[in-house]
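# Architecture and fold: a report
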Amino acid sequence: MADSIAWIPGVLLLGAAVNGLLTLCSAHRGGPKKGMVIPFALGAPWIAFALSVMAFFKVKGGEVLSTSLYQWFDGTLFTVDVAFQMDSLSAVMILVVTGVGALIHTYAVGYMSKDPGFGRFFSYLNLFTFFMSILVLGSSPLLLFVGWEGVGLCSYLLIGFWWKDGAKAQAGSKAFIVNRIGDVGFVLGVLLIISTVAASGKSVHDFASLEAFATGDGKAALESPFIGSFSVVEVAGFLLRLGAFGKSAQLPLYVWLPDAMAGPTPVSALIHAATMVTAGVYMVARLHFLFVMAPTAMAFVAIVGALTALFAATIGIAQNDIKQVLAYSTVSQLGFMFAAVGVGAFSVGIFHVVTHAFFKALLFLGAGSVIHGPHEEQDMRKMGGLIKIMPITGWTMIIGSLALSGVPPFSGFFSKDEILASTLHPHPAFPGGIGPILYVILTIASLCTAFYTFRMVWLTFFGESRVDPEVRKKAHESPAIMTLPLVILAVGAAAIGFLGVPHALGGHNVFGSFVRQTVTSEVEAAHEGSGALLLVGIAVAIAILGVLTSYWFYRVRPSIPGRLFAGLGGFGRLVASAYRVDALYAKTIVNPLTRSAKRIFYEVIDVRFVDGLVNFFGSFTKGLAGLMRLFQTGAVRTYVFFMMIGAILLVWSVFSWS
Amino acid sequence: MDVLDRPEGFLMVAAVLFVIGVVGFILRRNLIVLFMCVELMLNAVNLTLMAVARYVGASMEGQIMVFLVMAVAAAETAVGLAVVIAIYRKRATVDVDDMTVMNG
Amino acid sequence: MTEALVLILRPLGALGFFMTLIPIMIWFERKGCAFIQDRVGPNRAFIPGLGLRLAGFVHNLADVVKLVTKEDFIPAFAHRGLYIAAPMLSMAAALLTYAVIPFADDLTLGSVTFALRAVDTDLGILFIFAFSSLAVYGVVLAGYASGSKYPLLGGIRGTAQMISYEVSLGLSVMGIVLIFGTVDLNEICRVQGQLLFGVVPKWGVFLQPVGFMLYLFAAFAETNRSPFDMVEGESEIVGFHTEYSGTKFALFFMGEYVAMAIQAAVIVTLFFGGWQIPWLPTSALIENASQVLVVLLGAIAVGALGFGVLLLRFHRWNKVRWQDERKREGIILAILLGFGPAITALLGLTIVLSTDLSGSVPNVVASVAQFLAFSVKVLFFCWVFIWVRWTLPRFRYDQVMFLGWKVMLPLGLLNLVVTAGLRLLWL
Amino acid sequence: MESLLFWFFSVIAVVSAVLMVCFRNPLMGALSLAISFLATAGLFALMTGPFVAIMQVLVYAGAIMVLVIFVIMLLRADEASLDRERIGPFRFALGALIGLPFGGFLLVAVGNFGGKVEAATSALPPDFGSMKSFGRMLFNQYMYPFEIVSILLLVAIIGVVVLAKRDF
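### Notes on the overall build of chain B
A tally of helices and strands in chain B yields three helices and zero strands. For chain B, the sequential pattern of α-helices and β-strands runs α-α-α. Against the 2.2 N^0.38 benchmark of 13 Å for 104 residues, chain B shows a C-alpha radius of gyration of 17 Å, more extended than a compact globule. On the principal axes, the C-alpha backbone points of chain B span a range of 55 × 25 × 25 Å. Of all intrachain contacts in chain B linking residues separated by at least 6 positions in sequence, the fraction that spans at least 24 positions is 57%.

Pasting the structure below:
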């Protein structure tokens, strides 16, 4: 029992509960003392990480850990236990969640040290980690959904952490609402699968049995046509993907993620870069056995992923806010992951999730450190030359940038290279020609990636300092508790890629084969050994081209960007304003919705019908009461009089009875 | 036949007392008198309980019941009189016809 | 026929006993007060012709004459009916209570057993409480019917006090009831004839010292005696019977003394063994009737002789002629109360020594002895009532209420709980 | 002999109850009621319930009615409402309207009672109604009602204290 993996979410929940209670109990004193919060705030994720590592070594030995706590509910056709399982896929994810999570917790202790909501922050953050572990370890789609919704809630709470600022509170709401749209799809997809399972009368309670069902008995049922020519599994796949798009910020539901940067930077690092947003990828990988049965849905996903990658990358070029650059970069990288899982290279997608978690968390934390140093400045145009002031932050961020750009031998190179390579070997059921198109789009996107990443580096850390002299005097390197996680993450970002050295470069892709213990499908197997030296060369060239171009633009000839921007005219402004997608949504969806809600639901249904009904009952009751109040004189003797009349009638009726 | 061998005598006395209580309750306006009418009715019921238990069931349960009713009546009187005093302090009257705050 | 006679005689006898106590207590009160205040006390009234003063006893007779012959005055603003009824109620409530107090153990004459108390019931204490609680009516109605503010205030105060102390009174007795396991007073007396640890008589006062103290205080308050005489309280408020005079006042006055006497009897019964002669239970008394009689008569003879000598000495006025009433009175009294009884007792003694007691005589002897023991005890407690009155100052009204509700009631509850706990342990 | 007592007590009980309703002075009413209660106690005693009879005297006459009288005197309520309370013919008719049929029904019901129920007089045990058997029954069979009643009394005490202390 003591080594049960249930302890991983257990300790996290304990941390969240203790911190939450401390905060609640000391609300009138402005929050608990930091000294009381920190042991639980840091203890919970680090202990969880240690437990995860211990569990990982068991999984590495080929074991699948599982534990069941209690029966959640029993719908005669469908039973759900609160049970956890850990196979290789979960193990990878939980290591990322707890490991990177623990580092970011540590960093946040320094980052949030002066914030009055310290206790509240860590109770949320621990709660988030708890739900994330539920999501990753949960043994059934419904438990996964619990975690899925839980992390959404925590994301909402943390984006709007400084809720006194209206814009930030609204950003939280936006994230929540956009996620709901996706979640509807997810719920419908899960229900569709459950109903199919239930209709077949088979007993399915976790992923393993669901997989057995999908590949065995239920294959025919799942592939039977459902809407038009689309089979059940196709429709379910579409719906589930919708959920993944919402959670993982893909076109067209990505709009919440840039706004989510309103939260504290550790939140952006943990939730909106490293863990939660990758939940969609994890979910697709987890349910891979369903998706491989739905090639149309997969192709759709791959295309959407690739387009998102390019789309967000172009926006990233024109952003001046350092966190916005990283946010769009995250959207773009998530697009890469979706392209990977879309073409059926699930392990590759997961590999990118892992490497991305490291370098993007590093970049976000570095950005936080940068923002923290020159005192809450996020605009890159007001930075420059910071490498002298904050060398640790600077050099670690450069390592992260190299990894993001895909420069060898840093981690991003290996994962991205594999994604590019796998697009050329898509799912066999795909329409022909899609593979090369995806490859081209993603190559352009990675060029853009390298460009905007180093644009950020040059603008922030090199060149003339554009920092306000007053602020500059106070600018300083962050304390050790913040830089230490940066260094650890930098080491990870630099080295983690060697777990997945492809065969083309003479490696063994240890990571890929580990994940394939779980993700076992023919489509996945097709990618084994894909990729050629030529493709590796192209990828390296593209990355270095992007870096050099940005060096040329922002170090050698700083006037070029301005002229180029002017030359592009309207298109430039369009890109700078993120293609005005928000305005478009506002015009096409949000405004019509609110207006129709007001016109139809408020003015007609609510005011006329609902209120009318309520008013009718009210006035009816009032009228009746007006009649009855004639008897309610308030004088006791009247009551007694009526009572006695009743008594006489009663006695009389008893007489006439007998 | 001796009146003490049958319950009817006691029951009739009880009935008469009860009716007197009811009529008094309807006739009088003084809150304290109403209160006493209620006590009278309780007493009549006690008499009935005693008589029926004694002559029909030949058991002492009626006496137990009367005992309990007495205890409850004592509690009721204490609370009721406290209420009367409170009302009097507030309104300077114990006339129930003046107490129609609860009218509809 | 005999039964009917007994039925009538028993209440009458008891009534006579308590009515007789009234003049004795009044005499006690006056002489005791004088003694405590270092005065002579009333000694002026005398019987015309004979010239007997009887050490102030005649004042009682004079009082009676005075009160009865006074004008029966009813104030114009008084409520007539209630005004007349109140003193009667007061007296009646006081007199009703005596009914269950046993004067001696059941007396067996031949084959018939008589209970030596007015009403032969086992309700005992409850009966006393039930009817002593009616005494409040007298106070309330007197205050109300007088139609005057001050008696009304006195009446309200008295009511509040009596209601308050009735609670403590009841509670303090519950311990005794728990220990003796009965409310029948005769039973309680019988149990008190046993010995505690073989030495001490099993009297209530030894088993329930706290209960006894509480009962004593509550009894003082219940009878409106000092230091709880709020009802009168001459120094601060006029009493409930301010408007009364003549016979009606006399009724109140007598009611108070009767209540006192009965409370003394109850105290004796509950806490001091009642009719029990210490270490001599009824059976022992009956077995050794002749010895008892000898001791009794001897004691009477010696006592009466001593009393006669004392009276003579007391009346031996120097340089006073024989014709002087005071000297003559001394001699007459000495003969009547001293030497006469002494000679009678000696005669009786010789008869007793020469014959054997048989039949029902030992039983009668035992009852008489017990009755005498009871009377002595009751008289002592009557004296205690008077003694306290002339020794202690009066409480203030709020102090009375404080003592009643916040000291005695909790103490009574505690006493009850502790007693119940000990009883549980011992059983 | 004893049936004479029955008539004695019954007449007193009924007459004083009537007086209670008729006296305009509530204090006189309270006194009449106390007398009625005492008479009822006598009826209880006739029904072999000496303990209950004594409790009736102790609780009703000795405590409840004293409390009522005490409150009447405290309020001087008789004077406050005396001059206004007049029982007019309408109210009297109302009382008769309720009282006569109700009383009639009840008396008829009691009269029918005799023909249907066999009175069980001979089977009374010797200790019927005595305090000992009463206590045995109360504390064995009727323990819970007894306890609940005691809690009720406690609640009443507290309630009264609160009511009396509150300043309205």
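Next comes the rest of the account.
### A few points about the interface of chain D and chain B
On the side of chain B, 71 residues touch chain D, which itself brings 88 residues to the contact. Linking chain D with chain B are zero salt bridges. Taken together, chain D and chain B are joined by nine residue pairs in polar contact (both at pLDDT 80 or more). Among the secondary structure elements, those contributing two or more residues to the side of chain D that touches chain B are α1 (2-22), α2 (26-46), α3 (50-75), α4 (77-82), α5 (89-116), α6 (131-140) and α7 (143-165) of chain D.

### With respect to the packing of helix α9 (residues 209-222) of chain C against helix α15 (residues 397-426) of chain C
Residue and element names in this part refer to chain C. Between α9 and α15, the shortest axis-to-axis distance is 10 Å and the interhelical angle comes to 150°. Here α9 is positioned roughly antiparallel relative to α15, judged by the angle of their axes. Taken as a pair, α9 and α15 cross one another with a handedness that is left-handed. Residues Val-210, Gly-211, Leu-214, Phe-217 and Ala-218 of α9 pack against Met-408, Leu-411, Gly-412 and Asn-415 of α15. Class assignment of the residues belonging to the contact of α9 with α15 gives a composition of six nonpolar, three polar and no charged.

### Quick notes on the pattern of salt bridges
Residues and elements named next belong to chain C. If you walk through the whole model with that rule in mind, you get 19 salt bridges over all chains. Across the pair Arg-225 and Glu-29 runs a salt bridge whose closest N-O atoms are separated by 3.1 Å. Separated by 196 residues along the polypeptide, Arg-225 in the loop between α9 and α10 (246-271) and Glu-29 in helix α1 (residues 2-36) bring together distant segments of the chain. Residue class for Glu-29 comes out buried when judged on its relative accessible area of 5%. We note a salt bridge from Asp-120 to Arg-117, for which the minimum N-O separation is 3.3 Å. Each of Glu-29, Arg-225, Glu-256 and Arg-389 takes part in salt bridges that share partners, so that together they form one network.

### Observations concerning the arrangement of the chains
Ranked by contact count, the leading pair among the four pairs of chains in contact consists of chains B and D. Between chain A and chain C there is no contact, and the shortest C-alpha to C-alpha separation is 30 Å. The smallest C-alpha distance separating chain B from chain C is 13 Å, and no contact links them.

### Examining the domain arrangement of chain D
All names here are of chain D. Segmentation of chain D into domains returns domain 1 (1-83) and domain 2 (127-168). Contact residues are listed per partner, giving five residues for domain 1 and four residues for domain 2. Counting each side, the surface lost to burial between domain 1 and domain 2 is near 380 Å², with a carbon and sulfur contribution of 77%. In terms of surface lost to domain 2, no three residues of domain 1 exceed Thr-48, Pro-50 and Phe-51, which account for 86% of the buried area on that side. Run the count over domain 1 and domain 2 and you get zero salt bridges. Taken together, the links from domain 1 to domain 2 amount to zero residue pairs in polar contact (both at pLDDT 80 or more). Taken together, the residues of the side of domain 1 that touches domain 2 break down into four nonpolar, one polar and no charged.

### Remarks on the interface of chain A and chain D
On the chain D side, the residues contacting the nine residues of chain A number 10 residues. Between chain A and chain D, roughly 870 Å² of surface is buried when both sides are summed, and carbon and sulfur atoms account for 88% of that area. The largest share of the area that chain A buries against chain D comes from A:Phe641, A:Ile648 and A:Phe655, three residues that together contribute 56% of it. Seen at the junction of chain A and chain D, the total is zero salt bridges. Inspection of the chain A/chain D interface yields zero residue pairs in polar contact (both at pLDDT 80 or more). Considered class by class, the residues forming the side of chain A that touches chain D number eight nonpolar, no polar and one charged.

About the thresholds
Per chain, residues are indexed from 1 in the order of the written sequence. Lettering of chains starts at A and numbering of ligands starts at 1, both following the order in which they are written. Reporting of local features is limited, given that this is a predicted model, to residues whose pLDDT is at least 70; pairs of side-chain atoms are given and counted only at 80 or more, and all residues count toward the totals for whole chains, interfaces and linings. Excluding hydrogens and water, the side-chain figures rest on all heavy atoms present in the structure. Numbering goes from the N terminus for both helices and strands, where a helix is a DSSP run of H or I of at least four residues and a strand is a run of E of at least two. Note on method: radius of gyration uses C-alpha positions; expected globular size equals 2.2 Å times residues raised to 0.38. The contact criterion used is simple: two residues touch if any of their non-hydrogen atoms lie within 4.5 Å. When a carboxyl oxygen of Asp or Glu lies within 4 Å of a side-chain nitrogen of Lys or Arg, that pair is called a salt bridge. Polar contacts, as counted here, are pairs of nitrogen or oxygen atoms within 3.5 Å of one another; within protein the pair requires one atom able to donate a hydrogen and one able to accept it, and residues that are adjacent in sequence qualify only if both atoms are side-chain atoms. Every angle, taken between N-to-C directions, lies between 0 and 180 degrees, and every axis is a line fitted to C-alpha atoms, over only the stretch in contact when it is a helix. By the definition adopted for this analysis, an angle is roughly parallel if under 35 degrees, roughly antiparallel if over 145, roughly perpendicular if from 65 to 115, and oblique otherwise. Each helix crossing is assigned a hand: it is left-handed if the near helix lies turned anticlockwise from the far helix by less than a right angle, otherwise right-handed if that turn is clockwise. Side-chain classes follow a simple rule in which Ala, Val, Leu, Ile, Met, Phe, Trp, Tyr, Cys and Pro form the nonpolar group, Asp, Glu, Lys and Arg form the charged group, and the remainder, Gly included, forms the polar group. Categorising residues by exposure relies on relative accessible area from a 1.4 Å probe, with only protein chains included: less than 20% of the type maximum marks a residue as buried, more than 50% marks it as exposed, and the intermediate range marks it as partly exposed. An automatic or database domain assignment supplies the residue ranges for each domain. Here the buried area means the combined drop in accessible surface, using a 1.4 Å probe, for two parts upon being joined, counting both sides.

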